[in-house]
Amino acid sequence: MSCTLREQMFLTANQWDKIHWDPNESSTREATLAGLTTPDFIVHTFPSSLRISDRNRKQHATFQSRYLEEFDVTGTVCVKMDIDEAERMVVYHGYVYGKTGRQDFHEGFIHKLTLTDDGSMVKVFDVFIDRQLDNGRASRRASIHAAQDAYCQK
C-alpha cells in the first residue's frame, strides 16, 4: 500500500525527529541520517548570532550525538506541524526537555525540513532555537560546534 505525498512527508518528519532525540539511536544515527538525507544535505542554525557553521550529514550526526551526551534528553513534544506539499516543506514547533547535570531544562525549537520531490529524504534542515527558553544551552551548543569545527579542520 503506497502512501500519499502528505503521508510520506509526515513519516519522514517523524523519522527525523526520532533519530535526533532517541538516545538508543546513537550507534546507528550516522547510517540512519545517510539513508534519510540527500548527498548534498546541509544544516543551517538560527539565529545567526550563535555563529554556528553550516554542516553536512556526517558533521550533523556527530553533533547530535555529542548534544545527547551533554544533555540528558528525557522527551520531546511536537506542538504544531505544518506540511506544505507544494514546497515540499515540513515545519514543526516543539520542545525538548530533560536534565543537564542536576538542572532541568526545557528548550523550544522550530525545525524546517525541505524534502525531496517524493517527500522521503531531507535536503535542507533549518534549526531555529528559541533563546527565550534556552537557559544558556545555546552558548554550550555553539561551543560543541566550535570544537567540532576545529576537529574537522585538522
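Every chain begins its residue count from 1, and numbering advances along the sequence as written. Whole-chain, interface and lining totals are the exception, using all residues; otherwise, since this is a predicted model, local features are given only for residues with pLDDT of at least 70 and side-chain atom pairs are given and counted only at 80 or more. Heavy atoms from the whole structure form the basis of all side-chain values; hydrogens and water molecules are not counted.

A. Fine view of the overall build of the chain. Along the backbone of the chain there are four helices and five strands. In this description a helix means any DSSP run of H or I spanning at least four residues, a strand means any run of E spanning at least two, and both kinds are numbered starting from the N terminus. Going residue by residue from the N terminus, the α and β elements of the chain occur as α-α-β-α-β-β-β-β-α. The buried share of the chain, reckoned over its 154 residues, is 40%. Contacts between residues were defined by any pair of non-hydrogen atoms, one from each residue, lying within 4.5 Å. Taking contacts inside the chain between residues at least 6 apart in sequence as the whole, the part at least 24 apart equals 56%. As displayed, the chain offers around 8500 Å² of accessible surface, 51% of which is attributable to carbon and sulfur atoms. Relative accessibility decides the category of a residue: with a 1.4 Å probe and only protein chains considered, values under 20% of the type maximum give buried, values over 50% give exposed, and everything between is partly exposed. Method for areas: the Shrake-Rupley scheme with a 1.4 Å probe, in which residue coverage is limited to the protein chains shown.

B. View of the nonpolar core. Grouped together as the largest cluster of nonpolar side chains are 28 residues, with contacts concentrated most on W16, Y67, V90, L113, V122 and F125. Among the secondary structure elements, those contributing two or more residues to this core are α1 (5-21), α2 (29-36), β1 (37-46), α3 (57-70), β3 (89-100), β4 (103-115) and β5 (122-130). Ranked by the residues each element gives to this core, the list is headed by α1, at five residues. In contact with V122, other than residues within four places in its own chain, are T12, W16, L36, T37, T38, F41, L113, T114 and L115. As used here, the term nonpolar core means buried Ala, Val, Leu, Ile, Met, Phe, Trp, Tyr and Cys residues forming a set that is joined through side-chain atoms within 4.5 Å.

C. Molecular detail of the packing of aromatic side chains. Any Phe, Tyr or Trp ring, taking Trp's six-membered ring, that has another such ring centre within 6.5 Å forms a pair; planes under 30 degrees apart are called stacked, those over 60 apart edge-to-face, and the others tilted. All told, the structure shown has four aromatic pairs when counted by the stated rule. When the ring of Y92 is compared with that of F109, the centres are 6.2 Å apart and the planes differ by 85°; the resulting orientation is edge-to-face. Here F109 lies in strand β4 and Y92 lies in strand β3, a separation of 17 residues in the sequence. For the pair formed by Y92 and F109, the shared burial category is buried.

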